[in-house]
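Listed below are the residues making up each chain.
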Amino acid sequence: MGSLLTYSGLTTKVKAMKSHLIQDSQYREMAALDSVTSSVDYLKKLPSYTSVFSGTEAGELHRAKIEELLLQSKYQDFSKLYRFSNLSQRKFLDIYFMHYEIAALKRCLRSVIGHKPLELNLSLFQEFFERHSKLNLTRLSASGNLTEFTANLAGSPYYDIMVHLNQQEHMTLFDYEMNLDLIYFKTMWKVKGKNLKKDEQEALTQCFGDRLDMLNIQWIYRCLKYYHMTPSEICALLIPIQYRLKAEQIRAMASAGSLDEFFGILSTTYYGSLGLADLNAQPNPEKLTEQVLNRIHLLTMRRDPYSIATVNSYLYFKEQEIYRIIHIIESIRYGLDSHQILSSVMAAV
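Cut-offs and rules
- Residues numbered from 1 in each chain as written.
- Predicted model: local features only at pLDDT ≥ 70, side-chain atom pairs only at ≥ 80, totals over all residues.
- Heavy atoms only, no water.
- 1 Å grid on protein atoms, 1.4 Å probe; cavity = no way out; pocket = protein on both sides within 12 Å on 5 of 7 lines; lining within 4 Å.
- Points joined across faces, edges and corners; volume = space filled by probe spheres on them.
- Helix = DSSP H or I, 4+ residues; strand = E, 2+ residues; numbered from the N terminus.
- Nonpolar A, V, L, I, M, F, W, Y, C, P; charged D, E, K, R; others polar.
- Salt bridge = Lys/Arg side-chain N within 4 Å of Asp/Glu carboxyl O.
- Buried < 20%, exposed > 50% of the residue type's maximum accessible area, 1.4 Å probe, protein only.
- Phe/Tyr/Trp six-rings, centres within 6.5 Å; stacked < 30°, edge-to-face > 60°.
- Lys NZ or Arg CZ within 6 Å of the ring centre and 35° of its normal.

Colleague: Mind showing me how you'd approach empty space enclosed by the protein here?
Modeller: One way to see where empty space is left: roll a probe the size of a water molecule over the atoms. For the structure shown, the criterion picks out one cavity of 30 Å³ or more. Lining the largest cavity we find Arg 63, Ile 66, Glu 67, Ile 326, Ile 329 and Glu 330. Counting only elements with at least two residues in the lining of the largest cavity, the list comes to α5 (63-83) and α19 (308-333). For the lining of the largest cavity, a count of residues per class yields three nonpolar, no polar and three charged.

Colleague: Any chance you could explain the pattern of salt bridges here in plain terms?
Modeller: Two side chains with opposite charge may pair up if their charged atoms get near one another. Taken as a whole and judged by the stated rule, the model has 15 salt bridges. One salt bridge connects Asp 181 with Lys 106, and the closest N-O pair in it is separated by 2.9 Å. Taken together, the residues Asp 181 in helix α12 (residues 173-191) and Lys 106 in helix α7 (residues 98-114) connect sequence positions 75 residues apart. Given the relative accessible area of 15%, Lys 106 is considered buried. Taken together, the shared-partner salt bridges connect Arg 63, Glu 67, Arg 107, Glu 119, Glu 330 and Arg 333 into one network.

Colleague: Got a minute to help me understand unusual backbone geometry in this structure?
Modeller: Working note: non-glycine residues mostly have negative phi, and peptide bonds are mostly trans. Although it is not a glycine, His 115 sits at a positive phi angle of roughly 55°. Despite not being glycine, Gln 282 shows a phi value in the positive range, around 50°. Positionally, Gln 282 belongs in the loop between α17 (270-273) and α18 (285-303).

Colleague: Please explain the packing of aromatic side chains as it appears in this structure.
Modeller: Aromatic rings considered in pairs are described by the distance between their centres and by the relative angle of their planes. As enumerated under the stated definition, the model contains 24 aromatic pairs in all. Geometrically, the ring pair formed by Tyr 75 and Tyr 100 is edge-to-face, given 5.4 Å between the ring centres and 65° between the ring planes. Taken together, the residues Tyr 75 in helix α5 and Tyr 100 in helix α7 connect sequence positions 25 residues apart. Consider the rings of Tyr 270 and Tyr 271, whose centres lie 5.1 Å apart with planes at 85°: the pair is edge-to-face. A relative accessible area of 26% places Tyr 270 in the partly exposed class. Here the aromatic residues Tyr 75, Phe 78, Tyr 82, Phe 92, Tyr 96, Phe 97, Tyr 100, Phe 125, Phe 128 and Phe 129 are joined through ring pairs into a cluster of three or more. Above the ring of Tyr 270, the side-chain terminus of Arg 244 is found at 4.2 Å from the ring centroid. Here the basic side chain of Arg 324 rests over the ring of Tyr 27, its NZ or CZ set 5.2 Å away from the ring centre.

Below, the structure is given as structure tokens:
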């Protein structure tokens, strides 16, 4: 009863917002459209995007502007949930917000390291970030080099690690992004149970634990397929947290002599036992990850609707929706047919 009273208002809000998430049939309709203009016109008619696309002319919107508007929708949803949350629930959302911070930092880093201008105008989101973050996106997005970028992080949780990384030799964009991800995962894993009840702790542990495991699986796969790294080199890159994967399973996958062997070992793990994909066919690990995470977020939301799991799952599915929309629009721009588009953006259609 305590959870029901605590979460009744927030859960009602999430249910209303969830009803506006795009359905598979709507993705199919979008994928069948013949132009970016038609895609934007389609989005304008959807409740989640009517307000952000209001007053825009579809034919004048380039890729970056469309992405800015979609991000605005995502941030608006976060703000709505934050306003409906009590103090305890906001503590979780404050930690979750680190996910948005790191995504913004990665964009800036790609610009700085690649010596290319930012595609997105991050300063548009400064007001939103000021309410939840110590980052100054306006200054960060204007950084001309790593030294300036690091100085603009002073006072944030990311400053010390950037100083440390800048002192190392032969650092790549991958190294910087991986270390930023590690900050988020370690922080979330450490505090996920604070101020929450046992069932909520369990739900978040499942969601973030599965995500950590699947990211490690993806990284091992990429290292084996593209970089031919040694087992010790691969293990040094992995997130040092195991949930359902056993340490010996991770070492075995990292030591695999071929992708056939890698998928054979993967089939013996918990994730292989789920039967979500034919591992003998060597499925794309990113799609397998999506299937695993979709499953656990749906499960935790349904099992305990009056808990923080409902908020966590909604934010996850909103993020997936934004990714799919962007991918569909870009695919239409490049002339892919609807079958190609759907097979590349959906785990199951």
